[in-house]
Structure formats: structure tokens, C-alpha cells
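Residue-level structure breakdown
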Amino acid sequence: AAGSACAWALRGRVSEVVVFEMGRGAGGRAGTRRTDSTGGGQSLDHGSPLLSVLNESSVITNLVHDAIKRGHLSPFTGTQGRFDTATGASTVADGESFVGAPMMSSFARGLLAGAADVRFGTRVQRFVAQDLGGWRLVDAAKRDQGLFDWLVVAGATPALARWEAGFKE
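Everything quoted here is computed from the prediction, not taken from an experiment.

This brings us to the overall build of the protein. Looking only at helices and strands, one finds four helices and 12 strands in the protein. A burial count over the protein gives 27% of its 169 residues as buried. Look at the contacts in the protein between residues 6 or more apart in sequence, and 59% of them connect residues 24 or more apart. By element, 53% of the accessible surface of the protein is carried by carbon and sulfur atoms, the whole surface being about 10700 Å².

Written as C-alpha cells, this is what we have:
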């Protein structure tokens, strides 16, 4: 959801925001996967089950309020805590938390709606700084994705071996 939040924050500040998502849907580690293998069309929120707000910056506050107003987040009403495996101590967590509505990926999808041109299933394999400024992006199929003024890599993507492997030509 980090890339979605970045796109949301940039909307209206730049002429165009393009998000390249190598997966099939928004959310990354705050995503929802669906399966029909059980015959019931089950959904599973994986990775981050909650959005915890520990920083009360105006950008984060505005983002959360906008997502609630648009129906993409709801306040979490349960109890959450932390468990220290070294000491065995447990504590109740501080700060507000929220859940995606109706599922966690709804939060990221809602942030992207109207904020960005999203290109799902596109793995950027190469980005090249241009002499006159900007970045040229090329996908894994060697297709030129265009020239962009700015490049932001968000989330855990750079830590993924499959992403890093794409840059070792």
C-alpha cells in the first residue's frame, strides 16, 4: 500500500502519476488474495491485517480520513498488542488502527482510484537516467514504458529477490 499512498499524496501536485505494479492487484503486502478452490470464493487478507497510525502528520491524517469517507477503511475495534519473544512480556499497542473495507486491498485500490494510471502485471526491469533529465523505463518483456520525470520505488519491492534479479542483466 506504500506505492498507493505515494500516488494518493502526489495527485494534484504533478501532472500525471503512473504506478507500475508487477502483481495482479493493488496493496502489495497489504493485499487480499481470492481463491475459488473451496467453491465458496474465499478471500484472504495476507501480510498486514491492519493499518496502524503512529504518526499524526497532516498527510497521514488526511489520507486516513479520505479513505474512511470513501468507504475504503474502517476503524479497528478489537485489541492489538505486542509480544516480546525474548522476555515473554506482552503489551497493548498504542495508536489508532484501521482495517480495509470490505477487505485490506480495498484501501490500496481506493487510494489509486482517480489518483494514478495503474499498470498491473508490469514488472519494470530497467530504468535508465536520461542526459536531459528523467528516467526511461523498460519492462521485463523489453517494452519501452516511457520517459518519466521522477522515479519512486515504494514498499518492500527492492527487497524481493525476483525484483532485484531483474536488474542483473
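Now for the environment of Val 152. Counting through the fold element by element, Val 152 comes out in the loop between β12 (144-148) and α4 (161-165). A residue is classified by how much of its surface remains accessible, and Val 152, at 54% relative accessible area, is exposed. Sequence-wise, Val 152 and Gly 3 are 149 residues apart; in three dimensions their C-alpha atoms are separated by 8.3 Å.

With that out of the way, let us pick up unusual backbone geometry. Cis rather than trans, the peptide bond between Ala 101 and Pro 102 has omega equal to 5°. In this fold, Pro 102 is placed in the loop between β8 (96-100) and α3 (104-112). With a phi angle near 70°, Lys 142 is a residue other than glycine that sits in the positive phi range. Relative to the elements of secondary structure, Lys 142 occurs in the loop between β11 (135-139) and β12.

Looking now at α3. Judged by how many residues are buried, α3 sits mostly within the fold: eight of nine residues are covered. Here α3 has its buried residues at Met 104, Ser 105, Ser 106, Phe 107, Ala 108, Gly 110, Leu 111 and Leu 112. Gly 114 lies just past α3 and shows a positive phi near 75°.

Moving on, we come to the layout of surface pockets. For the second largest pocket, the calculated volume is near 190 Å³. Residue lining of the second largest pocket: Gly 23, Arg 24, Gly 25, Ala 26, Thr 32, Arg 33, Arg 34, Ser 105 and Arg 109, and that is the complete set. For the lining of the second largest pocket, the secondary-structure elements that each account for two or more residues are β2 (32-35) and α3. Considering every element that reaches the lining of the second largest pocket, the biggest residue donor is β2, with three residues. Residue classes in the lining of the second largest pocket are distributed as one nonpolar, four polar and four charged.

Quick look at the packing of aromatic side chains now. For the structure shown, the criterion picks out two aromatic pairs. Look at Phe 20 and Phe 148: their rings are 5.7 Å apart centre to centre, the planes differ by 90°, and that puts the pair in the edge-to-face class. A residue pair is termed long-range when its members are at least 10 positions apart, and Phe 20 in strand β1 (residues 18-21) and Phe 148 in strand β12 qualify at 128 residues. Owing to a relative accessible area of 17%, Phe 148 belongs among the buried residues under this scheme. Taken together, a centroid distance of 5.7 Å and an interplanar angle of 75° make the contact between Phe 127 and Trp 135 edge-to-face. By relative accessible area, Phe 127 is classed as partly exposed at 29%. Lying across the ring of Trp 8, Arg 11 places its NZ or CZ 4.0 Å from the centre.

Reading the values: the criteria
Residues numbered from 1 in each chain as written. Predicted model: local features only at pLDDT ≥ 70, side-chain atom pairs only at ≥ 80, totals over all residues. Heavy atoms only, no water. Helix = DSSP H or I, 4+ residues; strand = E, 2+ residues; numbered from the N terminus. Buried < 20%, exposed > 50% of the residue type's maximum accessible area, 1.4 Å probe, protein only. Contact = heavy atoms within 4.5 Å. Areas by Shrake-Rupley, 256 points an atom, 1.4 Å probe, with all protein chains shown as cover. 1 Å grid on protein atoms, 1.4 Å probe; cavity = no way out; pocket = protein on both sides within 12 Å on 5 of 7 lines; lining within 4 Å. Points joined across faces, edges and corners; volume = space filled by probe spheres on them. Nonpolar A, V, L, I, M, F, W, Y, C, P; charged D, E, K, R; others polar. Phe/Tyr/Trp six-rings, centres within 6.5 Å; stacked < 30°, edge-to-face > 60°. Lys NZ or Arg CZ within 6 Å of the ring centre and 35° of its normal.

Don't take any of this as a statement about function, it's just geometry.
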